[in-house]
Amino acid sequence: MKAVFINEHGGPDKLVHGDRPEPEVAPGEVMLRVRASALNHLDLGLRQGGSYRGSLPRILGCDVAGEIAAVSPDAHTSLKVGDRVILDNRVKCGTCESCRSGLDQYCTSQQRIGVDLDGGHAEYVTAPARNAYKIPDAMGFTEAAALPIVGHTAWHCLVTQAQIRPWDDVLIQAAGSGIGSMGIQIAKMMGARVITTAGSDWKLEKARELGADEAINYREITNFSQTIKDLTDGKGVDLVFDCVGADVWEQSLQCLKPGGRLVITGVTSGARATMDLSILQGRPLHLMGSGGRSQRTFADMMKVVHHGALHGIVGKVFPLEQVDEAHRTMEARDFFGKLVIES
Ligand SMILES: [Zn+2]
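Residues numbered from 1 in each chain as written. Predicted model: local features only at pLDDT ≥ 70, side-chain atom pairs only at ≥ 80, totals over all residues. Heavy atoms only, no water.

Q: Which parts of the structure should I look at to understand the nonpolar core?
A: For soluble globular proteins, nonpolar side chains are generally found buried alongside one another. Ile 86, Leu 171, Ile 228, Val 237, Phe 241, Met 302 and Leu 310 are the most contacted members of the largest nonpolar core, which has 66 residues in total. Inspection of this core shows a minimum of three residues originating in each of domain 1 (2–147 + 312–342) and domain 2 (151–288). If we skip the residues at most four places from it in the chain, Ile 228 touches Leu 171, Ile 195, Ile 216, Gly 236, Val 237 and Cys 255. Core analysis: the next-biggest nonpolar cluster, separate from the first, contains 19 residues, Ile 6, Leu 44, Tyr 52 and Ala 326 among them. (Core = buried A, V, L, I, M, F, W, Y, C linked by side-chain atoms within 4.5 Å. Buried < 20%, exposed > 50% of the residue type's maximum accessible area, 1.4 Å probe, protein only. Domains from an automatic or database assignment. Contact = heavy atoms within 4.5 Å.)

Q: I'm lost on the coordination of the zinc ion in this one. Help?
A: Octahedral metal centres with six donors ideally show angles of 90 or 180 degrees, and tetrahedral centres with four donors ideally show 109.5 degrees. Binding of the zinc ion to the protein goes through Cys 93 (SG), Cys 96 (SG), Cys 99 (SG) and Cys 107 (SG), at separations of 2.3 to 2.4 Å. Along the chain, the residues donating to the zinc ion fall in the pattern C-x2-C-x2-C-x7-C. The two residues Cys 99 and Cys 107 agree in class, both being buried. (Donors = N, O, S within 2.8 Å, 3.2 Å for Na, K, Ca; no water.)

Q: Looking at this structure, I do not really get the sheet that holds strand S11 (residues 169–172). What am I missing?
A: The strands making up a sheet associate through hydrogen bonds between their backbones, and the pairing can be parallel or antiparallel. Here we have six strands laid out as an open sheet, ordered S13-S12-S11-S14-S15-S16, and parallel in their pairing. Where the open sheet ends on each side, the last strands, each with one partner, are strand S13 (214–217) and strand S16 (286–288). Within the sheet, the average angular offset between the axes of one strand and its neighbour, ignoring direction, is 15 degrees. Where strand S12 (residues 193–198) lies against S13, four bridges are found, and the strand directions are parallel. Considered in S13, the bridge of Thr 196 is made with Ala 215. The strands touched by helix H4 (residues 148–161) within the sheet are strand S14 (237–242), strand S15 (256–264) and S16, with S14 carrying the most contacts at an inclination of about 155 degrees. Contacts between helix H5 (residues 178–189) and the sheet are confined to S11, S12 and S14, with S12 contributing the most and set at about 165 degrees to the helix. (Pairing = 2+ DSSP bridges. Helix = DSSP H or I, 4+ residues; strand = E, 2+ residues; numbered from the N terminus. Axes fitted to C-alpha atoms, helices over the stretch in contact; angles between N-to-C directions.)

Q: Would you take a moment to explain the domain arrangement of the protein for this structure?
A: Frequently, the measure chosen for interface size is the accessible area removed from exposure when the parts meet. One can read the domain layout of the protein as domain 1 (2–147 + 312–342) and domain 2 (151–288). The partner domain 2 presents 15 residues to the twelve residues of domain 1 that form the contact. Counting the surface lost from both domain 1 and domain 2, the interface buries some 1,000 Å², and carbon and sulfur atoms represent 61% of this. It is Ile 313, Arg 333 and Phe 336 in domain 1 that bury the most area against domain 2; as a group they hold 52% of the surface buried on that side. Put simply, domain 1 and domain 2 have zero salt bridges between them. The tally of links from domain 1 across to domain 2 stands at four residue pairs in polar contact (both at pLDDT 80 or more). Of the residues belonging to the side of domain 1 that touches domain 2, the class tally is five nonpolar, three polar and four charged. (Buried area = accessible area lost by both parts, 1.4 Å probe. Salt bridge = Lys/Arg side-chain N within 4 Å of Asp/Glu carboxyl O. Polar contact = N/O pair within 3.5 Å; in protein donor to acceptor, adjacent residues only side chain to side chain. Nonpolar A, V, L, I, M, F, W, Y, C, P; charged D, E, K, R; others polar.)

Here it is in structure tokens:
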């Protein structure tokens, strides 16, 4: 089958569009005829080989949407051939202490489709049946592929970790990122007031279309924490949702009111930052990480998708043979939402 994979780490030129063997359906699994698969920053790290230590070759693509093409006879599932689904790319063992106690987000031997297992930049991919979730009949595969990782991550961070409330003022960094565009939708769905940031006016306009109440151009306003204070009667926000990291860390802390919460899930601008620890004396803050996500929260998110309240935001679409071009586009960051590969 046609697939995009890496044999060695490096630049976008290391992405090979070629032939790989069709996967076989293992016990408990389903096979998908992939129709669309989205990019994540994770793909860039995997291609470059930084923290990745897995075996090669590896087919990339962590976010997958497609039709069920085969179901293992012993898979305990109601899914049938032809069903339209997306995949939760986190494959849990089901047997470790965390899994057995209902805390599968802490599974000690979880593997990720598209990282530790072959992914969706291909004609076919296999996954445990329990990782496949039906999508709404009216939703296209391209939109659906834009949902899983960023939707699940934003849901996990805002709803599970930070326990967002309708009366919260929320700052969502990087409106144009896949995570940010999901965060805006979820925060508005929960009734919060959303202030967001982006680096160009056209992205700010898109953010307002998604429901953001206030949008700040961080290239024009470098001291955005003061702007946040101005927008909140001098108080600051209750909650910051960040996927940017080092570049905004200090100002994000300054944006928080006493007792405020910050949840971080990405460090695309860098992972090292300095911090004035005395800030925690004057304003007791709750600083939270993201970490693993549970099957339960994926199922919760999918209910909202079926209610029609959460949509995949597609920035640009590429054919399978242009995954290298999609990686270059992701590095240039001049898009809003997700980059999706159609197979
Ligand atoms: Zn486990």
